[in-house]
Every structure is written in C-alpha cells, then in structure tokens.
Amino acid sequence: WSEAKGCDALGIEAKALATRREEGTVLVPMMSDGVRAYPISQFQRTDGAIEVRPALIPFLTTLRHFDPWTVAVLLQTPAPELEDKTPFDWLGIGGDPKVLEDLARTVSSEWSAGSPAPGLDRLFVSSPAGPGVTGRVPVSVATRWLVAGA
C-alpha cells in the first residue's frame, strides 16, 4: 500500500503512521524512487478494522534497526525454528508468537554480529525470471531482486 492507503486503512493521520514507522511497529520498505511501501501481508482485519498483525509487532520491533527490505525477505523465508514455515505462514496456522519473537531476537543478534542465521545466508525465493523459477540464492541477490524488480 501507499502511505495514503496505509493511513486510510488504519484510520490514522500521517503523523501517527510516522510514529509507528519510527517505533518499528509497521514494516515500511522504501522503493527505489523514494516512495514508502506498506506490504499488505503485515495487516489483518479484526472486527472490521485493519491493523498490523499483533503477533507480528514484537518481530518487527526487534528487527526495526535492520534494512526493511531484508526484514521483508525474512518474513517470506521458511525457517527451521518455525517448522520450515515462513513467519507469515507460522502465524497463519496459529503458531506460537513467542517462537516468532525468539527467532527475531536470534536473527537480530546474528545480524548484529555480522553472521547470518543458519540457512539465512541463502534464501529460497522465486526468481523474477518467471513463475516457477526458484532456488536458493544469496541474500544480496534476493534483496536486489526485491528492490530493482530485476
């Protein structure tokens, strides 16, 4: 979503959304043209209102100091700690949010130390070359694909 759509969907003003960005309670990768993007997969509808998935917030805040694109890739990456499910899939099946929070702390510690978490040095992603073209690629390549769309 765009920033305007994010504000509209969440029912908040731009200043409140900026505060959430600063606090790390919403994921906001920056597009190459400087436009902020709000990935819709982080949101859910509860009693008619849109909100960031509550179980996702500790994960996001723990990783708020890292590149948002890298965090976005991590959210789509199966992890052994999550029974080889992605964080989104983990939450979707009712997985324990504490396990997801523990994963975020582990990743934060390892990324801060300069070493990737086991299995995260190479990600399983779909290639922009076309549907069905998948494989394990270095994080830097996956991030370039996400940013450049190439």
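Before reading on, note that the structure itself is shown above.
What counts and what doesn't
Residues numbered from 1 in each chain as written. Predicted model: local features only at pLDDT ≥ 70, side-chain atom pairs only at ≥ 80, totals over all residues. Heavy atoms only, no water. Helix = DSSP H or I, 4+ residues; strand = E, 2+ residues; numbered from the N terminus. Buried < 20%, exposed > 50% of the residue type's maximum accessible area, 1.4 Å probe, protein only. Contact = heavy atoms within 4.5 Å. Areas by Shrake-Rupley, 256 points an atom, 1.4 Å probe, with all protein chains shown as cover. Phe/Tyr/Trp six-rings, centres within 6.5 Å; stacked < 30°, edge-to-face > 60°. Lys NZ or Arg CZ within 6 Å of the ring centre and 35° of its normal. Core = buried A, V, L, I, M, F, W, Y, C linked by side-chain atoms within 4.5 Å. Axes fitted to C-alpha atoms, helices over the stretch in contact; angles between N-to-C directions. Parallel < 35°, antiparallel > 145°, perpendicular 65-115°, else oblique. Nonpolar A, V, L, I, M, F, W, Y, C, P; charged D, E, K, R; others polar. Pairing = 2+ DSSP bridges.

Colleague: It is not clear to me how the overall build of the protein chain should be interpreted in this structure. Could you clarify?
Modeller: What the protein chain contains, in helices and strands, is seven helices and four strands. In the protein chain, the succession of helices and strands from N to C terminus is α-α-β-β-α-α-α-α-β-β-α. Expressed as a percentage of its 150 residues, the buried residues of the protein chain come to 39%. Restricting to contacts in the protein chain with at least 6 residues of sequence separation, those with at least 24 account for 39%. Summed over its atoms, the accessible surface of the protein chain is roughly 8100 Å², and 55% of this surface lies on carbon and sulfur atoms.

Colleague: Help me out: how do you make sense of the packing of aromatic side chains in this one?
Modeller: Describing an aromatic ring pair means giving the distance of the ring centres and the angle of the ring planes. Taken as a whole and assessed by the stated rule, the structure comprises two aromatic pairs. On the basis of an interplanar angle of 15° and a centroid distance of 4.8 Å, the ring pair of Trp 1 and Phe 43 is categorised as stacked. Of this pair, Trp 1 sits in the segment before helix H1 (3-10) while Phe 43 is found in strand E1 (residues 43-46), placing the two residues 42 residues apart along the sequence. Since its relative accessible area comes to 30%, Trp 1 is described here as partly exposed. Centre to centre, the rings of Phe 66 and Trp 111 are 5.2 Å apart; their planes meet at 75°, and the pair counts as edge-to-face. Here Phe 66 is found in the loop between helix H3 (57-62) and helix H4 (68-75), whereas its partner Trp 111 is found in helix H6 (residues 97-113), with 45 residues between them in sequence. For Lys 5, the ring lying beneath its charged end belongs to Trp 1, and the centroid distance is 5.3 Å.

Colleague: Before we go on, may I ask you to explain the nonpolar core in this structure?
Modeller: Among soluble globular proteins, nonpolar side chains are generally buried collectively. Formed by 30 residues in total, the largest nonpolar core has its most connected members in Leu 56, Phe 59, Leu 60, Leu 63, Val 71, Leu 75 and Leu 100. Put simply, the parts of the chain that give this core at least two residues each are H1, strand E2 (49-52), H3, H4, helix H5 (87-92) and H6. Apart from the residues within four sequence positions on either side, Leu 75 is in contact with Leu 27, Leu 56, Phe 59, Leu 60, Thr 86, Pro 87 and Phe 88.

Colleague: Would you mind showing me how to read the packing of H1 against helix H2 (residues 14-23) here?
Modeller: For any two helices packed against each other, the geometry is given by the interaxial angle and the distance between the axes. Closest axis-to-axis distance for the H1/H2 pair is 10 Å, and the angle between their directions is 100°. The orientation of H1 with respect to H2, classified from their angle, is roughly perpendicular. Between H1 and H2, the contacting residues are Glu 3, Gly 6, Cys 7 and Leu 10 on the first element and Ala 14, Leu 17, Arg 20 and Arg 21 on the second. Considered class by class, the residues forming the contact of H1 with H2 number four nonpolar, one polar and three charged.

Colleague: Explain the pairing of E1 to me, please; I cannot follow it from the model alone.
Modeller: A regular strand places its side chains on the two faces of the sheet in alternate fashion. Two elements, E1 and E2, share four bridges in a ladder whose sense is antiparallel. For Arg 45, the partnering residue across the bridge sits in E2 and is Ile 50. Adjacent in sequence and paired antiparallel, E1 and E2 are bridged by two residues, among which Asp 47 carries a positive phi angle near 50°.

Purely geometric stuff here, so don't read any function into it on its own.
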